[in-house]
Each structure stands twice: as structure tokens, then as C-alpha cells.
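In case you want the letters, here they are:
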Amino acid sequence: MFNDLGILELVTLVVLAVLVFGPDKLPKVIQDVSRFIRKIREFSESAKADIRTELGPEFKDFEFEDLNPKTFLRKQLDGNEDFKELKELRSSFDLKKEMNEVADAVHGRETETPSVPAAVNGSPDLLKKQDKPGTGERPPYDSDAT
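Residues numbered from 1 in each chain as written. Predicted model: local features only at pLDDT ≥ 70, side-chain atom pairs only at ≥ 80, totals over all residues. Heavy atoms only, no water.

## With respect to the overall build of the protein chain
For clarity, the threshold we go by: Every helix listed is a DSSP run of H or I at least four residues long, and every strand listed is a run of E at least two residues long, numbered separately from the N terminus. Relative accessibility under 20% of the residue-type maximum defines a buried residue, over 50% an exposed one, and the middle range a partly exposed one, all with a 1.4 Å probe and only protein chains included. With residues, only the protein chains shown are counted as cover, and all accessible areas are computed by Shrake-Rupley using a 1.4 Å probe.
Along the protein chain, the regular secondary structure elements total four helices and two strands. Walking the protein chain from its N terminus toward its C terminus, one meets helices and strands in the order α-α-α-α-β-β. Within the span of the protein chain, comprising 146 residues, buried residues form 5% of the whole. Surface exposure of the protein chain reaches about 14000 Å², of which carbon and sulfur atoms provide 60%.

Next comes the structure, spelled out in C-alpha cells:
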């Protein structure tokens, strides 16, 4: 619950508690708070036990942490054999590499991948950097682009 509490924060809380409640009432307040937390935990555990008994034997391996959608999906996908191919595909796909290749192609830089032929099925190579026309030349007209 207080995983990210540092030493400075803890000391500040203790000093504040002493200032607010005073040194004579502080032990009583600490006992009351700890008793309250203990009662809440007992109530929570009894509620979980009641829910498990009401659900029946088919939900014997039900965990309340599974109500978190991320945990539930991870548990379901790990136990299912149909998703092994999805895991293999996910592990083989490198998004950074793909994005770098696309960026290199857009900026006209050479990549380590094998070059694509200049024309495939009669279509021009869109990844190849186009030569700029001279000062007197007009740019090529593409009737399909208009």
C-alpha cells in the first residue's frame, strides 16, 4: 500500500502526527487505526470467502485479482493453445525495425534490406528517390494521380 513512501515522507508523517495528536494521545490513535484496518481486512476476507462458497465448485480456482481485465486476459491467453501462434508472431515482429525502415524509405536513405526491383508488374518503384527535373524541364505528368 505504501510502496513508494520514502524515509523523508515517513518522518514528515510522524512529525505531523505528533504535532496534531500530541505525544500523550498518539499511542491511542495508533491503536484505533490499527484496529480499524484489522477489522476492514477481516471483513474483506469474510466477504471473499462468502463469494467463493456462493459461486460453487466450478469456480474453485477463481481469484479476485482476475477481475482486473489485464490479468484476466493474460491468464486466459497463457492457458490456451490456440494463441501460441499469436505469441510467436508477436515475438518475431520488431516494431522499431519496421518503423526505421519506413522512415529510411521516406527520407530516401539506404537500408540494409535487399533492394526492391525498379519496376514490379510495370509499376514504378515508389521507394526509389526520384531525380529532380532540371530548370527548363517540367515534372512528369501522372494521369492516375490526378
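## Quick word on helix α4 (residues 95–107)
Stated formally: Under the convention used throughout, the expected extent of a helix is 1.5 Å for every residue step, that is, one less than its residue count.
Taking 1.5 Å as the rise per residue, α4 with 13 residues should run 18 Å; its terminal C-alpha atoms sit 18 Å apart, in good agreement. After α4 finishes, the residue G108 shows a positive phi value of roughly 80 degrees.

## Considerations on the pattern of salt bridges
We count it as follows: We define a salt bridge as a contact between a side-chain nitrogen of Lys or Arg and a carboxyl oxygen of Asp or Glu at a distance within 4 Å.
Counted by the stated rule, this structure contains two salt bridges. D32 is the partner of K28 in a salt bridge, and the nearest nitrogen-oxygen pair spans 3.3 Å. With a gap of four residues between them, K28 and D32 both fall in helix α1 (residues 7–55), about one helical turn apart. Note on D32: relative accessible area 32%, which makes it partly exposed. Several salt bridges converge on common partners, so that one network encompasses K28, D32 and R35.

## Observations regarding a nonpolar patch on the surface
The line we're drawing: Patch definition: residues above 30% relative accessible area lacking any salt bridge, with like charges linked at up to 9 Å and the nonpolar side chains Val, Leu, Ile, Met, Phe, Trp and Tyr linked at up to 5 Å.
Side chains of L5, I7, L10, V11, L13, V14, V15, L16, V18, L19, V20 and F21 sit close together on the surface and give an oily, nonpolar patch of about 1100 Å² of accessible area. Positionally, L19 belongs in helix α1. Taking the relative accessible area as the measure of exposure, L19 reaches 67% and is therefore exposed.

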